[in-house]
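Coordinates in review
As a plain string of letters, each chain reads:
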There are 2 protein chains.
Amino acid sequence: MADAKNTVLFPYETLKKLSMDAFQKFGFTEKEADIIQDVLLTSDLFGIQSHGMQRMVRYHKGITNGLIKIDAKPEIVKETPISAVIDGHDGMGQLLGHKAMEMAIEKAKKSGVGIVSVRNSNHYGIAGYYAKMASDQGLIGFSCTNSEAIMVPVYARKAMLGSNPIAWTVPADPVDFFFDCSTTVVTRGKLEMYNKMGKATPDGWAVNKDGVPSTDAAEVLGNISRHEGGGILPLGGATEVLGGHKGYGNGMIAELFSSILSQGGTSNKCMVGGKSNICHGFMAINPEFFGDPAEIKKHFSQFLQELREAPKAQGQDRIYTHGEKEHESVAKVKAEGIPVLNGTMLEVQDLCNELGLDFKSYFGDYVPEAPATMFKGNY
Amino acid sequence: MADAKNTVLFPYETLKKLSMDAFQKFGFTEKEADIIQDVLLTSDLFGIQSHGMQRMVRYHKGITNGLIKIDAKPEIVKETPISAVIDGHDGMGQLLGHKAMEMAIEKAKKSGVGIVSVRNSNHYGIAGYYAKMASDQGLIGFSCTNSEAIMVPVYARKAMLGSNPIAWTVPADPVDFFFDCSTTVVTRGKLEMYNKMGKATPDGWAVNKDGVPSTDAAEVLGNISRHEGGGILPLGGATEVLGGHKGYGNGMIAELFSSILSQGGTSNKCMVGGKSNICHGFMAINPEFFGDPAEIKKHFSQFLQELREAPKAQGQDRIYTHGEKEHESVAKVKAEGIPVLNGTMLEVQDLCNELGLDFKSYFGDYVPEAPATMFKGNY
Ligand SMILES: NC(=O)c1ccc[n+]([C@@H]2O[C@H](COP(=O)([O-])OP(=O)(O)OC[C@H]3O[C@@H](n4cnc5c(N)ncnc54)[C@H](O)[C@@H]3O)[C@@H](O)[C@H]2O)c1
Ligand SMILES: NC(=O)c1ccc[n+]([C@@H]2O[C@H](COP(=O)([O-])OP(=O)(O)OC[C@H]3O[C@@H](n4cnc5c(N)ncnc54)[C@H](O)[C@@H]3O)[C@@H](O)[C@H]2O)c1
């Protein structure tokens, strides 16, 4: 995904400082800003460029247009030893996600499982961040979210589900299993990056407003933002031949744990009527309730090793297990800097001006420039 | 999938009688035979032809070659209010699955969630059967299994995971949500049916032993049975471009709940050393622990209705929600009869001869004939 021509590298610490300052300017406390920047920059550290700095400006827009309420107090509407439902009252997604996952972890430690469903939230970043909170403590982690409708179900021409990512994490040696992705072929974030790079997308990712395949990211994003139809395909594509009904079904499971159990807004109600209406789901499972956690971890780690050592396809020299890329990215990015698209830095510059932060004090003499074809609407 | 030329219709009651008789001849009690035939024929009733009568002979082979032990006693090796691990001691998959799901349901009713992981089992049929046991009682159901390695991970040329189906069911009106499918593009069962029909498979389903795409079901099945390499692709295909790493990751989640939590054999150890080594996972979640179950059901049913009513793609007049096809199939198949491939009936005839059952007493003057190209090895 990195595109040297359109990308600039900045030290992690620089972007962290900018984020801490910006989120406090947005009105969050230092502690809150710290959680939010950690979700965002973990995304960049993991190499998930689409969900890090790239999203900064969307959160600011969300606050200024009233979608995100900085002083919202989460309300626990139902709680049992294994479950909870939280009404986020339009609070910041990262803060609600962090709190909900902490509750799920607490419950799993005591009762074996914790499942928490959150309604009336906002975009919470990468699903894997929350799942990872559990695996960092030796538990199995799960998180999912719905999002503004962008997935066009099999045989439909209107987006009805979000890109609805599901993340699962499991403790393992030498690298935890970290499986975190959308239930669509690709994320909206990837389309946004192709748009910012002015490049055509691969075939099989999206359809235009007539339900016809399109490789034009700007067109697809434009259609979506104007609510004209079309969107991204479920994993497996537009028909049953390669299993589009399976990706569509996985998207439904993300709805189940987010919008259904919490009785919140389903993806087709997100971003409607001046509300985000986004919902999330969280689960932690304690392996102690199934056997010796160290033995289970060892057993799983061995399978992961066998996968990595399996015979490679012609022309390939490596098989990945989920989480390896993210693990290796952290070391690389901390050493070399976080790659940010010039198009994103242009947005960051505007944001600094608006917030009264001195862009130069973070980024020196760097002057951002974006490709001419970039769609600059409010997607 | 139905192929009139190669297919014959028989009344549900005829096939049920044959199955009851055959499974009792195999050595099961009447009660056990009843559970086993119900799993098999539910598959045929649901229109999942690949996992009904089509599999009968495989179970017989499993018993005669010692993979399936008819008198195995399941052992509960760990149990808590929300969890259990069962060692199946090579018992029949359907019986172990039925017992494990009953335990998960009991736990969910009392404690909110029940998760049961089973090791040392055998092929258990359709994952959805067990999940449906929970939704039939107003709970959310989940089941998954691993199976003999047949999924070739992204960048590999050797199958390392099974087709590893995952099923989720959720109570809904007018039709329960029933989402049950393999994490591969298609199942081995579908390849077996293309083999029996002597037809080329669509592109993008499988690779041959060199990791090269193949549409020849007989070749692919032959390679697999001779352990020569190749197999079926994960949902999303052979590379990352269309998300093969996502299908591969979903397959890993089936391993997690089946072979990892139970510390049983992972897919690459299934059917090795004269043991099936198959593992299953089961979960039931009680919606009462999240809110009023009737309200949650209503909320979900409304979303399903909105999906069905969404604007259709060009040339399409219906959007399905998961479970509708199965629901409609039951009525049709009960009225018209269960379609069985001639190739399968040939196997059933041989089986009757072997068991001392009178084929004619069930099927009258019908004489089965199979296509000449059919691969008849022990796949
Ligand atoms: N908040 C939201 O609304 C929202 C919506 C969609 C996606 N997201 C986030 O966007 C991020 C990216 O999603 P995506 O769909 O682009 O994911 P992706 O396609 O980049 O897949 C990433 C996952 O696949 C693994 N992986 C990658 N290549 C692999 C290989 N060859 N073999 C094995 N594993 C491999 C990674 O380790 C990781 O677990 C996720 O973090 C997701 O949570 C958020
Ligand atoms: N025991 C084993 O080892 C094993 C292995 C693999 C699969 N299986 C079973 O095989 C069966 C078939 O698996 P499969 O991968 O071929 O499934 P499939 O591709 O037939 O998909 C079936 C699922 O998708 C839904 N569906 C179909 N078309 C749809 C559409 N257009 N829109 C929305 N939903 C749609 C169905 O309602 C069902 O939930 C499953 O029951 C599975 O459990 C068992």
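Residues numbered from 1 in each chain as written. Chains lettered and ligands numbered in written order. Predicted model: local features only at pLDDT ≥ 70, side-chain atom pairs only at ≥ 80, totals over all residues. Heavy atoms only, no water.

Put simply, the rule is: UniProt positions are given in the numbering used here, feature names are shortened, and annotations may be inferred rather than shown by experiment.
As annotated in an unreviewed UniProt entry, chain A is Ureidoglycolate dehydrogenase from Veillonella rodentium. What UniProt states about chain A under its Sequence similarities (unreviewed entry) heading is, verbatim, "Belongs to the LDH2/MDH2 oxidoreductase family."

1. Considering the domain arrangement of chain A
Residue and element names in this part refer to chain A. Formally: Just so you know, the domain bounds were taken from an automatic or database domain assignment. Residues are treated as being in contact if the distance between any of their heavy atoms lies within 4.5 Å. A side-chain nitrogen of Lys or Arg and a carboxyl oxygen of Asp or Glu constitute a salt bridge if their distance falls within 4 Å. Think of a polar contact as two N or O atoms within 3.5 Å of one another; within protein, one of them needs to be a possible hydrogen donor and the other a possible acceptor, and neighboring residues in sequence only count if both atoms come from side chains. A run of H or I in DSSP becomes a helix once it reaches four residues, and a run of E becomes a strand once it reaches two; helices and strands are each numbered from the N terminus. Under this grouping Gly is polar, as are all residues other than the nonpolar Ala, Val, Leu, Ile, Met, Phe, Trp, Tyr, Cys and Pro and the charged Asp, Glu, Lys and Arg.
By the assigned domains, chain A splits into domain 1 (7-65 + 337-363), domain 2 (72-182 + 241-336) and domain 3 (186-232). The C-alpha-based centres of domain 1 and domain 3 are spaced at 25 Å. Every contact between the two is made by 10 residues of domain 1 and, on the other side, eight residues of domain 3. Taken together, domain 1 and domain 3 are joined by two salt bridges. Put simply, domain 1 and domain 3 have one residue pair in polar contact (both at pLDDT 80 or more) between them. Element by element, the count of residues in the side of domain 1 that touches domain 3 is highest for helix H11 (residues 342-355), at three residues. Residue classes in the side of domain 1 that touches domain 3 are distributed as one nonpolar, six polar and three charged.

2. Brief notes about the environment of A:Trp168
Within the secondary structure layout, A:Trp168 lies in strand S6 (residues 166-170). For A:Trp168 and A:Lys312, which are 144 residues apart along the polypeptide, the C-alpha to C-alpha distance reads 25 Å. Sequence-distant contacts of A:Trp168, that is, excluding residues within four places in its chain, are made with A:Ile140, A:Gly141, A:Phe142, A:Phe177, A:Phe178, A:Phe179, A:Met283, B:Ile253, B:Leu256 and B:Phe257.

3. Re the packing of aromatic side chains
All names here are of chain A. Which entries qualify depends on this criterion: The aromatic pairing rule takes the rings of Phe, Tyr and Trp, using the six-membered ring of Trp, and pairs them if the centres are within 6.5 Å, calling planes under 30 degrees apart stacked, those over 60 edge-to-face and the rest tilted. Using a 1.4 Å probe on the protein chains alone, a residue whose accessible area is under 20% of its type maximum counts as buried, one over 50% counts as exposed, and one in between counts as partly exposed.
On inspection of all chains with the given rule, the structure shows 34 aromatic pairs over all chains. Both rings, one in Phe46 and one in Phe178, keep their centres 5.1 Å apart while their planes meet at 80°; by these two values the pair is edge-to-face. In this pair, Phe46 sits in the loop between helix H2 (30-45) and helix H3 (56-64) while Phe178 sits in strand S7 (residues 177-181), placing the two residues 132 residues apart along the sequence. The two residues Phe46 and Phe178 agree in class, both being buried.

4. Points about the sheet that holds strand S5 (residues 140-145) of chain B
Where we set the bar: The rule for pairing is simple: two strands pair if DSSP sees at least two bridges between them. A fitted line through C-alpha atoms represents every axis, and for helices the fit uses only the stretch in contact; the resulting angles, taken between N-to-C directions, go from 0 to 180 degrees.
Read across the open sheet, the seven strands follow the order S2-S3-S4-S11-S5-S6-S7 (chain B); overall the sheet is mixed. Each of the sheet's edge strands pairs with one partner strand only, and the pair in question is strand S2 (75-80) and strand S7 (177-181) of chain B. Pairs of neighbouring strands in the sheet enclose a mean axial angle of 10°, with direction left out of account. With respect to the sheet, helix H8 (residues 244-260) of chain A is in contact with S5, strand S6 (166-170), S7 and strand S11 (278-285) of chain B, its orientation differing from that of S7(B) by roughly 130°. Across the sheet, helix H8 (residues 244-260) of chain B lies against strand S4 (113-121), S5, S6 and S11 of chain B, angled at about 90° from S11(B), the strand it touches most.

5. Details of the pairing of S5(B)
Residue and element names in this part refer to chain B. In terms of burial, S5 is a largely internal element, six of the six residues being buried. Both faces of S5 are covered, namely the face carrying Ile140, Phe142 and Cys144 and the face carrying Gly141, Ser143 and Thr145. Examined bridge by bridge, S5 and S11 share six bridges and lie antiparallel to one another. Following the sheet pairing, Gly141 is matched in S11 by Ala284. Taken together, the four bridges between S5 and S6 define a ladder with antiparallel strand orientation. By the bridge assignment for S6, Gly141 is matched with Thr169.

6. Regarding helix H6 (residues 188-197) of chain B
Residue and element names in this part refer to chain B. Across the 10 residues that make up H6, a large majority, nine, are buried. What H6 keeps buried is the set Arg188, Gly189, Leu191, Glu192, Met193, Tyr194, Asn195, Lys196 and Met197. In this structure, the buried side of H6 is in contact with helix H3 (56-64), helix H7 (217-225), strand S10 (231-232), strand S12 (338-341) and helix H11 (342-355). For H6, the N-terminal capping position is held by Thr187, with its side-chain oxygen 3.1 Å away from the main-chain nitrogen of Lys190.

7. Observations regarding the interface of chain A and chain B
How we decide: Note: buried area is the sum, over both parts, of the accessible area (probe 1.4 Å) each one loses when the two are combined.
Between chain A and chain B, the residue contacts involve 86 residues of the former and 86 residues of the latter. When chain A packs against chain B, the two sides together hide about 7,100 Å² of surface, and 71% of this comes from carbon and sulfur. Of all residues in chain A, A:Tyr155, A:Lys246 and A:Phe290 bury the most surface against chain B, accounting for 11% of the area lost on that side. Counting across the chain A and chain B interface gives four salt bridges. Measuring nitrogen to oxygen at the nearest pair gives 3.0 Å for the salt bridge that ties A:Lys269 to B:Glu306. Of all the secondary-structure elements, those providing two or more residues to the side of chain A that touches chain B are strand S2 (75-80), strand S3 (83-87), strand S4 (113-121), S6, S7, H8 and helix H9 (293-308) of chain A. Element by element, the count of residues in the side of chain A that touches chain B is highest for H8(A), at 13 residues. Here the side of chain A that touches chain B is built from residues that sort into 45 nonpolar, 25 polar and 16 charged.

8. Details of the pattern of salt bridges
Note on pairing: side chains with opposite charge can pair once their charged atoms come close. Overall, the coordinates contain 36 salt bridges over all chains when judged by the stated rule. The partner of A:Arg188 in a salt bridge is A:Glu192, with the nearest N and O atoms 3.3 Å apart. You can see A:Arg188 and its partner A:Glu192 sitting in helix H6 (residues 188-197), four residues apart, about one turn around the helix. The closest approach of N and O atoms between B:Lys69 and B:Asp90, which form a salt bridge, is 3.6 Å. Separated by 21 residues along the polypeptide, B:Lys69 in the loop between H3 and S2 and B:Asp90 in the loop between strand S3 (83-87) and helix H4 (93-111) bring together distant segments of the chain.

9. Describing the nonpolar core
For clarity, the threshold we go by: Buried residues of nine kinds, namely Ala, Val, Leu, Ile, Met, Phe, Trp, Tyr and Cys, make up a nonpolar core once their side-chain atoms join them within 4.5 Å.
By size, the foremost hydrophobic cluster in this structure holds 118 residues, and its most contacted members are A:Trp168, A:Met252, A:Phe257, B:Trp168, B:Met252 and B:Phe257. Setting aside residues up to four positions removed in sequence, B:Met252 forms contacts with A:Phe177, A:Phe300, A:Phe303, A:Leu304, A:Leu307, A:His322 and B:Leu161. Core analysis: the next-biggest nonpolar cluster, separate from the first, contains 37 residues, B:Met56, B:Val57, B:Phe359 and B:Tyr366 among them.

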